[in-house]
Amino acid sequence: MIRVWKATLKLRMIIGFMVILIFAVLLIFRAFDIQIIEGGRLSKLADAQFQANVYFMPERGNIYSANGSILAASVNIPGVAVDPLMVRHKLKNAERLSNVIGLKYDKIIKILTKNLQFAWIKRRVSAETAKKVEKLGIEGVVIVKQPVRYYPNGTLLAHTLGFVGINDNGLSGIEYKYNKYLKGNKRALKVLQDGLGQYIFIRGFGLKKATHGDNIYLTINKQLQFITQYYLDKEAKAADSKGAFAILMDPNTGAILAMADYPTFNPNYYWRYPARYWRNRAVTDDFEPGSTMKPFIISGAMQDGIIKPDTIINGHHGTYYINGITVHDVENWFGRLTINQLIEYSCNVCACQVGMKMGKQRVWYWLKRWGFLAPPHAGLLGENAGIDRNVSKWSEVGPCEEAFGQGAAINGLQEVTALSGIANGGYLLKPYIIKKIVNPYGKVIFRAKPHVIRRVINSKTDKEIKYMMRLVVKGGTGQYAKLIDFKVCGKTGTGQIDNPKTGTYFKNKYTASFMAFVPYKHPVLAMLVVQQEPSKISYYGGAVSAPVVRDVFKTALNILNVYPGGKAYKKQLKAGNAYKSNNNLKKLTENLKNKSFKNERYTVSYSETMPDLKGDTIYEALNALSKFRKLSIKIWGSGYLYYQSIKPGTFVSADGSVNSITLKFKPQGYGYAALRKTEKKTNQNPF
């Protein structure tokens, strides 16, 4: 009996030992799995429970004009926030807050009764309102300052700049297109949190500062932008146009100097305007150019040897029947005209016959050569290639229609770029609006350079087409663009507007345009003005758009210190007209500036840092330094700047704490003349 009991006890011990051993092995495997195999994942889960990141938004980068004037900046605006769980006597305090802030009592009550630790009562309030809220002394209600985008010039360049939303992301224009540069990099403070999720801040525990966004310098000349916008608004209102835009370009570099739209809006309060006000018409709106297309097609026909300036074509007295369609002219007295007169008087019938002589493939080829079938790639939001059918789908009269600007829709940026090609001697340049991008430490991380895409026409053809465009202003359809001291070259255009419902043209809706450059022999400005559906004065480009070009050119040439030659030049210098004109300009821009500031609620002052002037001309460098009033400037050499004694990014007080800078220039760089010499021969004419 004892032996049986001992054997049973021994068996139980063995079984118990085996069970313990099995559990031990399983425990070891589980521990290995948790600590080794799943260790990384579980560690992250633990950190997520006890650690958190508190993000700090960086200050958004500024946007400047070409000479360093601020166009967009970030300012700290107070807002009223609350921890609803801390607020006592909610009914009473809701009424007190309502009286001070101006929000409805019911809305504030809803916020104060939320089961949250943080909520906004009002994101933006005036400094005066913020002080009144603080004086109330309500526990749990705090004033929080947050960066808000501010546009000190109001409506100036609004469509191009765009605007920024509440979350500090760009929503339109340059602000959206270059958001990744302007926004900067947000940084996080790692903190511990307790079981209730409340933060426990520990000094020195993973603190990293947020990085300021990059600063962007545009090619926009602020003075030229002021006058362009002023004269466009004035004429568009007089003509009662549905919309209008103007683009001013340096034809020798492709830099956009001004870009204005009508009607405009204030990006500080963008939400107050319908969304249709926000778009940049100069880039996004396609339109049939009408007769402004003639110089480009005619220049191609001359380049190919199909016609000459003195070639005579029958105008058929303003009515021409071809393959089932009728081509009309405004005037019915056009008989036999030379090609010079075709452009001067804008004869559709003659242009149609030139197009038919060229044929489909040649007209298509020259549209592509002038850049009308591709996006301009100027760095602006909304650029497109225009609208045109493939040449294989053209009707038999397609070349006729294209020759006087019907059948294809283009955008303003494409046309002013092609116009600059005629102005500069036949070179198609890549347009651009970003001059340079500078990081928060003053280092230039991008700098634009003029870029020749191709030479479109030779110098002989270019001189001939320039002369024709000179005749347009001298005695043709563009006489409203005349200047006393300068010879202006231009071309008028009146395009019909397509009715998408019927597939035909509206009978009483037109696009009135005028493009021009000045001076005649050595152009420094190229400009396009387009008015959409003008209903007063006239619907012809020569009547409602040419005056805008005239007024802008007249003032802009003084700003750029361009004077007429010969006796007129000496007389102007002697009389000091340039000085008087500049004084008048200052009065005009001051009035515009004051008008822009009229409805603003916030004021702001800026600290100035030394800009990076490398590659600038003497004129550009002096403009950029004009904001430092007491800074003595020493200049050595000429050409393009390669050395500045004060490093970029250095703080310089406007009151003269740093009083001297040395600038050195040398006659080399990336000028337009150098690009011409190095241009590669590409895209040769296949005909």
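Residues numbered from 1 in each chain as written. Predicted model: local features only at pLDDT ≥ 70, side-chain atom pairs only at ≥ 80, totals over all residues. Heavy atoms only, no water.

### Observations concerning empty space enclosed by the protein
Move 1: The full count for this structure, using the stated rule, is 1 cavity of 30 Å³ or more.
Move 2: When its volume is computed, the largest cavity comes out at roughly 40 Å³.
Move 3: Across the lining of the largest cavity, the residue classes tally to 7 nonpolar, no polar and 1 charged. (1 Å grid on protein atoms, 1.4 Å probe; cavity = no way out; pocket = protein on both sides within 12 Å on 5 of 7 lines; lining within 4 Å. Points joined across faces, edges and corners; volume = space filled by probe spheres on them. Nonpolar A, V, L, I, M, F, W, Y, C, P; charged D, E, K, R; others polar.)

### Overview of the nonpolar core
In summary, soluble globular proteins display a tendency toward joint burial of nonpolar side chains.
Move 1: In this structure, Leu 218, Ile 256, Ile 298, Val 354, Trp 370, Leu 380 and Leu 413 are the most contacted members of the largest nonpolar core, which totals 89 residues.
Move 2: Once residues lying within four places of it in the same chain are set aside, the contact partners of Leu 413 are Ile 247, Met 249, Ile 256, Met 259, Ala 282, Val 283, Pro 376, Ala 378, Leu 380 and Glu 383.
Move 3: Judged by nonpolar contacts, the second largest core, of 32 residues, contains Leu 248, Ala 258, Ala 260 and Val 529. (Core = buried A, V, L, I, M, F, W, Y, C linked by side-chain atoms within 4.5 Å. Buried < 20%, exposed > 50% of the residue type's maximum accessible area, 1.4 Å probe, protein only. Contact = heavy atoms within 4.5 Å.)

### Topic: a positive patch on the surface
Move 1: Among the surface-exposed residues, Lys 474, Lys 482, Lys 487 and Lys 521 lie close enough to one another that they form a single positively charged patch.
Move 2: For Lys 521, the location among the structural elements is in the loop between β22 (504-518) and β23 (525-532).
Move 3: Given a relative accessible area of 64%, Lys 521 falls into the exposed group. (Patch = residues over 30% accessible without salt bridge, like charges linked within 9 Å, V, L, I, M, F, W, Y side chains within 5 Å. Areas by Shrake-Rupley, 256 points an atom, 1.4 Å probe, with all protein chains shown as cover. Salt bridge = Lys/Arg side-chain N within 4 Å of Asp/Glu carboxyl O. Lys, Arg positive; Asp, Glu negative; His and termini not counted. Charge placed at Lys NZ, Arg CZ, Asp CG, Glu CD. Helix = DSSP H or I, 4+ residues; strand = E, 2+ residues; numbered from the N terminus.)

### Some remarks on unusual backbone geometry
Most peptide bonds adopt trans geometry, and most residues besides glycine take a negative phi value.
Move 1: Omega for the peptide link from Tyr 262 to Pro 263 comes to -5°, which places this bond in the cis form.
Move 2: Among the secondary structure elements, Pro 263 is positioned in the loop between β10 (256-262) and α10 (281-284).
Move 3: Following Val 518, the chain continues to Pro 519 via a peptide bond in cis, the omega torsion being -15°.
Move 4: Inspection of the secondary structure puts Pro 519 in the loop between β22 and β23.
Move 5: The backbone phi angle of Asp 240 is positive, close to 55°, even though this residue is not glycine.
Move 6: Inspection of the secondary structure assignment puts Asp 240 in the loop between α9 (222-239) and β9 (243-249).
Move 7: The phi dihedral of Ser 346 is positive, around 60°, even though this residue is not glycine.

### What to know about helix α5 (residues 127-136)
Move 1: Burial in α5 covers these residues: Thr 129, Ala 130, Val 133 and Leu 136. Each buried residue of α5 lies within a common arc of 110° when the element is viewed along its axis, so the set occupies one face. The exposed residues of α5 that point more than 90 degrees off its buried face are Ala 127, Glu 128, Lys 131, Glu 134 and Lys 135.
Move 2: Lining the buried residues of α5 we find β3 (70-82), α3 (90-101) and β5 (141-150).
Move 3: Gly 137 lies just past α5 and shows a positive phi near 65°. (Arc of directions from axis to C-beta.)

### Focus on the state of the cysteines
Move 1: According to the stated counting rule, one finds 1 disulfide in the structure shown.
Move 2: You can see Cys 350 has no disulfide; the closest cysteine sulfur is in Cys 347, sitting 3.4 Å from it.
Move 3: A relative accessible area of 1% places Cys 350 in the buried class. (Disulfide = S-S within 2.5 Å.)

### As for the environment of Asn 280
Move 1: Here Asn 280 shows up in the loop between β10 and α10.
Move 2: Asn 280 gets classed as buried once you look at its relative accessible area, which sits at 6%.
Move 3: Sequence separation of Asn 280 and Leu 157 is 123 residues, and the distance between their C-alpha atoms is 9.8 Å.
Move 4: In this view, Asn 280 contacts His 159, Thr 160, Met 259 and Asp 261; residues no more than four positions away in its chain are not counted.

### Here we look at the layout of surface pockets
Move 1: Approximately 1200 Å³ is the volume found for the largest pocket.
Move 2: Elements supplying a minimum of two residues to the lining of the largest pocket: β14 (325-328), β21 (489-499), β22 and α17 (541-544).
Move 3: No other element matches β21, which puts 8 residues into the lining of the largest pocket.

### Topic: the sheet that holds β9
Move 1: Pairing is antiparallel in the open sheet, where 5 strands are placed in the order β10-β9-β23-β22-β21. In this open sheet, the two strands that pair with only one neighbour each are β10 and β21. Strand after strand, the sheet turns through a mean of 10° between neighbouring axes, direction not considered.
Move 2: Along the sheet, α9 makes contact with β9, β10 and β23, crossing β10 at roughly 30°.
Move 3: Relative to β21, helix α16 (residues 459-475) is tilted by about 80°, and along the sheet it contacts β21 and β22. (Pairing = 2+ DSSP bridges. Axes fitted to C-alpha atoms, helices over the stretch in contact; angles between N-to-C directions.)

### Considerations on the pattern of salt bridges
Move 1: A full pass over the atoms with the stated rule returns 11 salt bridges.
Move 2: A salt bridge links Asp 304 to Arg 362; its shortest N-O distance comes to 3.1 Å. A residue pair is termed long-range when its members are at least 10 positions apart, and Asp 304 in the loop between α11 (294-303) and β12 (312-314) and Arg 362 in helix α13 (residues 348-369) qualify at 58 residues.
Move 3: The exposure class assigned to Asp 304 is buried, which follows from its relative accessible area of 19%.
Move 4: Judged by relative accessible area, Arg 362 falls into the partly exposed class, the value being 22%.
Move 5: Lys 466 is the partner of Asp 462 in a salt bridge, and the nearest nitrogen-oxygen pair spans 3.5 Å. Of this pair, Asp 462 and Lys 466 are both found in helix α16, 4 residues apart, which corresponds to roughly one turn of the helix. The same class applies to Asp 462 as to Lys 466, namely buried.
Move 6: Salt bridges sharing common partners tie together Arg 60, Arg 149 and Glu 175.

### Some words on the side chain of Asn 153
Move 1: Residue position: Asn 153 is located in the loop between β5 and α6 (158-161).
Move 2: Judged by relative accessible area, Asn 153 falls into the buried class, the value being 4%.
Move 3: Within the structure, the side chain of Asn 153 is placed 3.1 Å from the side chain of Lys 222, a separation counted as a polar contact. (Polar contact = N/O pair within 3.5 Å; in protein donor to acceptor, adjacent residues only side chain to side chain.)

### Some remarks on a nonpolar patch on the surface
Move 1: A cluster of nonpolar side chains, contributed by Leu 11, Ile 15, Val 19, Ile 22, Phe 23 and Leu 26, occupies part of the molecular surface with about 600 Å² of accessible area.
Move 2: Along the chain, Phe 23 turns up in helix α1 (residues 2-37).

### Quick look at helix α18 (residues 546-559)
Move 1: The first and last C-alpha atoms of α18 sit 20 Å apart over 14 residues, in line with the 20 Å expected at 1.5 Å per residue.
Move 2: Judged by how many residues are buried, α18 sits mostly within the fold: 12 of 14 residues are covered.
Move 3: Restricting attention to buried positions, one finds in α18 the residues Ala 546, Pro 547, Val 548, Val 549, Asp 551, Val 552, Phe 553, Thr 555, Ala 556, Leu 557, Asn 558 and Ile 559. (Expected span 1.5 Å × (residues − 1).)

### Topic: the sheet that holds strand β24 (residues 632-636)
The strands making up a sheet are joined through hydrogen bonds of the backbone, oriented either antiparallel or parallel.
Move 1: With mixed pairing, the 3 strands of this open sheet are ordered in space as β24-β26-β25. Each having just a single partner strand, β24 and β25 (640-644) make up the two edges of the open sheet. Strand-to-strand twist of the sheet, defined as the mean angle between neighbouring strand axes without regard to direction, takes the value 30°.
Move 2: When β24 meets strand β26 (residues 660-666), the two strands line up parallel, connected through 5 bridges. Within the sheet, the bridge partner assigned to Ile 633 lies in β26 and is Ile 661.

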